[in-house]
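An overview of the molecular structure
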Amino acid sequence: MSRSGLFAAVVAAGLGFTSPVLAQSTVYIPAILELSGAGAVSGTNFRDGMLMAIDEINGKGGILGRKIETPVLDTQSDAGISRAQLQKVLDNKPYVVIGPVFSGSVLVDMALTQQAEIPEIVGGEAAAITQKGGTYVFRTSFGQQFSMPKIANYIRDGIKAKTVAVLWVNNDFGKGGRDTFVKEMAARNIKVVADVSTESGQADFSADVVKIKAANADAIFVYVNEEESARFLREAKKQGIKAPLLGETTLLGQKVIDLAQGAADGVRGHVGLTVDAPIPAVQQFGEKFKKRFNYVCDHNGIKGYTAVYMIKHVTEKIGKFDSKAFAQAAHGMTITPKDEPGILMEATWDKNGDIDRESFLGEVVNGKQKIVATLPKLGK
Amino acid sequence: MASFIQLLVSGLATGAIYALIAVGFTLLWQTSQTINFAQGEFVMLPAFFILAAMNLGAPFWLATLIGLLLSIVVLGLLFKLIIVDPMLRYGVLPLVISTIALSLFLKEAAKDFYSSQAQPFPALVPATDLNVFGAVISLQSLAVLAIAVATVLALHFLLNKTRLGRCMQATAQNPTLARILGIPVERMVLYTFLINGVLVAIASILISPIYLAKFTNGETLGIAAFLAAIIGGFNQVRGAILGGVILGILDNLSAAYLSSQYRGAFPLIILIAVILLRPQGLLGRVEERTV
């Protein structure tokens, strides 16, 4: 070490600097997640999956010999706070940033990570996230432009519906999903006869169900968050809705099924990630998660877990902690469970940061999610 | 018509719960000038008391009783002794800020000590429906309505037909004169806090099967009840009841017949109209202040 370098290190130590940049035995990968507010369930699942992966990797010596150091900062499910938290961690020059999960927060944060040239591994699903030309944002689950065609095909070919009602939550996630879904319906000549917007955290769905029932559609597509899904399903059952209820992962998760207390039976839909997937590695992960945290992991837990293993694999491929090199290498990369068991399912990231992997068609039978078909990667 | 009846009953049931919470607001304001911004969290918490008791093995009825008692002690007695009494001597504003801090503390504590995830909460009546003129009316909504109305009637009886109630009213109207007349003002104020503990516990038991027990429930409930109290009249119990019912019905009917996207705006439009045209609230009294 040169004399000036030694002097700087001594001064830094004397001042008590504990900047993660200086701590060479660790790699600073902060997480910005929804630990409170409306997104707490999603954020907590994501965090717990992420912590599981970090503990496993650190237990085996870390990434390239460095332990992962991940402080978790709470966005309070608010895009403004998320941005402030991100700004705070960017000052410490992170290698990669994990989170957030809420699309609204991702859309606000990604401009900062792009500017700082720091890769951001996010849980958001809004289509717009990867349509803004960003080169540092990477998804951990399907964007809506990938998942909606799958459910649209099922509505046309499986349900053979000519008309459909859509119920969506009025936030970035819901609006993005609704817009993509309506476009996919138009492309298949299926008429949207009711278009009902709801609020995040809404408790009473009686008015919405009355409107949907009056539309008399062949199928009903529900695109709201988990707890609202459960409340909607209970009201739909109460009002005797007979049309097939279809949705995405947020309608078929075990938490929704438990909260709906019997009202979820018969619900069908496209499931991007689930611990009930007919893949042994995923099921084993689900069991380990439940044993450690004492609740059933939802899709966000899988996102958090695989996000860390994606970082590990890409870093080991490039052989150094270089944020720019990471982003370049991750685009177009395919990670298989054979190369990296923690990735659980083969996944490919395209030039926009969108992820492609197998997904599933599920149905709720006797209070349990049952996978009825496995859908191949879109790229296959 | 069937849909209208359905929406009306559902709105009445929700409105009746808002009314219970709003009544608590007005009671505390009238007797001690306490504006409790943690009132929504006060409704959220008893559900977790009950769930915790059930987790320890108590049957639902016993857990409900424990939840009710804990609400009276923690949200009534301790709230007054630990937060209100020390802060009130510094004026209304520090107390308001303290209750905002308390609401954040209660919310985060429920999340950390119980769970961030919504929990199913047992309903008082089975989830069956009645068919009335073609409208599907939930037995649960009717039970909520009946219990809320019975609670309000009991409170009305207590306040207007008993000596204790008249003493409480005297305390609210003129504490100095009430004290001269020998009414134990401090005790009367304490009783209103205890009554608020009962009201929020009942509201919690009624709303949690519909909302699911979740640490964020207080946010919407607190705002709804606050709006209801202002619309109806902050200084009148009957005003709070009217305000709650108006909000419940308005929410359902506006979402179904006007716009579901702007349903959150309609209560605020009513609030603005009330403030402009009748600032004391629909049933409130004009209060004058002199210096």
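Now for helix α5 (residues 139–161) of chain B. Compared with the 33 Å implied by 1.5 Å per residue over 23 residues, the 32 Å span of α5 of chain B between its first and last C-alpha is a close match. When α5 of chain B is considered as a whole, its buried residues turn out to be Q140, S141, A143, V144, L145, A148, T151, V152, L155 and L159 of chain B. Looking at the buried residues of α5 of chain B, the elements they touch are α8 (226–238) of chain A together with α1 (2–32), β2 (135–138), α6 (163–173), α8 (185–211) and α10 (237–257) of chain B.

Across the boundary between the two partners, chain B contributes 30 residues, which contact 31 residues of chain A. Joining chain B to chain A, the criterion identifies two salt bridges. The closest approach of N and O atoms between K214 of chain B and E227 of chain A, which form a salt bridge, is 2.8 Å. For the side of chain B that touches chain A, the secondary-structure elements that each account for two or more residues are α1, α4 (92–113), β2, α8 and α10 of chain B. If one sorts the elements of the side of chain B that touches chain A by residue count, α1 of chain B sits on top with five residues. Per-class residue counts for the side of chain B that touches chain A are 11 nonpolar, 14 polar and five charged.

Here we come to the nonpolar core. Residue and element names in this part refer to chain A. Ranked by internal contacts, the top residues of the largest apolar core, which has 103 residues, are F232, L233 and M310. No other element matches helix α12 (residues 299–318), which puts eight residues into this core. Two domains share this core, each providing at least three of its residues, namely domain 1 (3–142 + 280–349) and domain 2 (145–271 + 359–375). Apart from residues no more than four positions distant in its own chain, L233 is found in contact with L245, L251, V256, A260, A263, A264 and V267.

Turning our eyes to something else, we now look at the domain arrangement of chain A. Residue and element names in this part refer to chain A. In terms of domains, chain A is made up of domain 1 (3–142 + 280–349) and domain 2 (145–271 + 359–375). For domain 1 versus domain 2, the separation of C-alpha centres amounts to 30 Å. With both sides pooled, the region where domain 1 packs onto domain 2 buries about 1200 Å², and carbon together with sulfur makes up 63% of that total. Looking only at domain 1, the three residues that lose the most surface to domain 2 are E125, F142 and H299, adding up to 40% of its buried area. Connecting domain 1 to domain 2 are one residue pair in polar contact (both at pLDDT 80 or more). Elements with a contribution of two residues or more to the side of domain 1 that touches domain 2: α2 (40–59), α4 (103–116) and α12. Top contributing element to the side of domain 1 that touches domain 2 by residue count: α4, with three residues. Counted by class, the side of domain 1 that touches domain 2 contains eight nonpolar, seven polar and three charged residues.

For the rest of this paragraph, the subject is the sheet that holds strand β17 (residues 368–375) of chain A. All names here are of chain A. With respect to topology, seven strands assemble into an open sheet ordered β9-β8-β10-β11-β12-β16-β17, the strand pairing being mixed. Looking at strand neighbours, the two that pair on one side only are β9 (191–198) and β17, the edges of this open sheet. Averaged over all adjacent pairs, the angle separating strand axes in this sheet is 25 degrees, with direction ignored. Of the strand pairs in this sheet, strand β11 (residues 245–247) and strand β12 (residues 268–271) are connected by two bridges, and their pairing is parallel. The residue of β12 that forms the bridge with L246 is R268. Against the sheet, helix α7 (residues 206–215) touches β8 (163–169), β9 and β10 (219–223), its axis set at about 180 degrees to β9.

Counted according to the given criterion, the structure contains 22 aromatic pairs over all chains. Here F289 of chain A and F293 of chain A contribute two aromatic rings whose centre-to-centre distance is 4.9 Å and whose plane-to-plane angle is 50 degrees, an arrangement assigned as tilted. Taken together, the positions of F289 of chain A and F293 of chain A, both in helix α11 (residues 280–293) and four residues apart, correspond to about one turn of that helix. Note on accessibility: F289 of chain A and F293 of chain A belong to one class, buried. Where F226 of chain B meets F234 of chain B, the ring centres are 5.9 Å apart and the plane angle is 75 degrees; that geometry is what we call edge-to-face. Taking the relative accessible area as the measure of exposure, F234 of chain B reaches 16% and is therefore buried. Of the aromatic side chains, those joined through ring pairs into one cluster are F285, F289, F293, Y295, Y305 and Y309 of chain A.

What counts as what
Residues numbered from 1 in each chain as written. Chains lettered and ligands numbered in written order. Predicted model: local features only at pLDDT ≥ 70, side-chain atom pairs only at ≥ 80, totals over all residues. Heavy atoms only, no water. Helix = DSSP H or I, 4+ residues; strand = E, 2+ residues; numbered from the N terminus. Expected span 1.5 Å × (residues − 1). Buried < 20%, exposed > 50% of the residue type's maximum accessible area, 1.4 Å probe, protein only. Contact = heavy atoms within 4.5 Å. Salt bridge = Lys/Arg side-chain N within 4 Å of Asp/Glu carboxyl O. Nonpolar A, V, L, I, M, F, W, Y, C, P; charged D, E, K, R; others polar. Core = buried A, V, L, I, M, F, W, Y, C linked by side-chain atoms within 4.5 Å. Domains from an automatic or database assignment. Buried area = accessible area lost by both parts, 1.4 Å probe. Polar contact = N/O pair within 3.5 Å; in protein donor to acceptor, adjacent residues only side chain to side chain. Pairing = 2+ DSSP bridges. Axes fitted to C-alpha atoms, helices over the stretch in contact; angles between N-to-C directions. Phe/Tyr/Trp six-rings, centres within 6.5 Å; stacked < 30°, edge-to-face > 60°.

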